[in-house]
Amino acid sequence: MFTMRPTTAADILAVETMILARSAWLEDRGLPSWRENAADLADQAEKSGSATARVRG
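Residues numbered from 1 in each chain as written. Predicted model: local features only at pLDDT ≥ 70, side-chain atom pairs only at ≥ 80, totals over all residues. Heavy atoms only, no water.

For the protein chain, per-residue confidence averages 86 on the pLDDT scale, and 82% of positions sit at 70 or higher. Across the protein chain, the secondary-structure element scoring lowest on mean pLDDT is strand β2 (residues 52-56), at 62, and the one scoring highest is helix α1 (residues 12-28), at 96. (pLDDT = per-residue confidence, 0-100. Helix = DSSP H or I, 4+ residues; strand = E, 2+ residues; numbered from the N terminus.)

Take the pattern of salt bridges next. In total, this model carries 2 salt bridges according to the counting rule given. For R5, the salt bridge identified is with D11, shortest N-O distance 2.9 Å. A relative accessible area of 28% places R5 in the partly exposed class. Judged by its relative accessible area of 11%, D11 is buried. Between R35 and E27 there is a salt bridge, with its nearest N and O atoms 2.9 Å apart. (Salt bridge = Lys/Arg side-chain N within 4 Å of Asp/Glu carboxyl O. Buried < 20%, exposed > 50% of the residue type's maximum accessible area, 1.4 Å probe, protein only.)

Structure follows, in structure tokens:
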């Protein structure tokens, strides 16, 4: 079972990795991606309540 929790600074690397993987998938299909904004988007994980992470519970 998975639960949701607010993201923290500890999640930044995982969030950026996910964004870059999704960007590669989009680019492989000739679609625009968020690659150039990955770090900025991932940094939002540090802001309390701005995002959630799915964790195994």
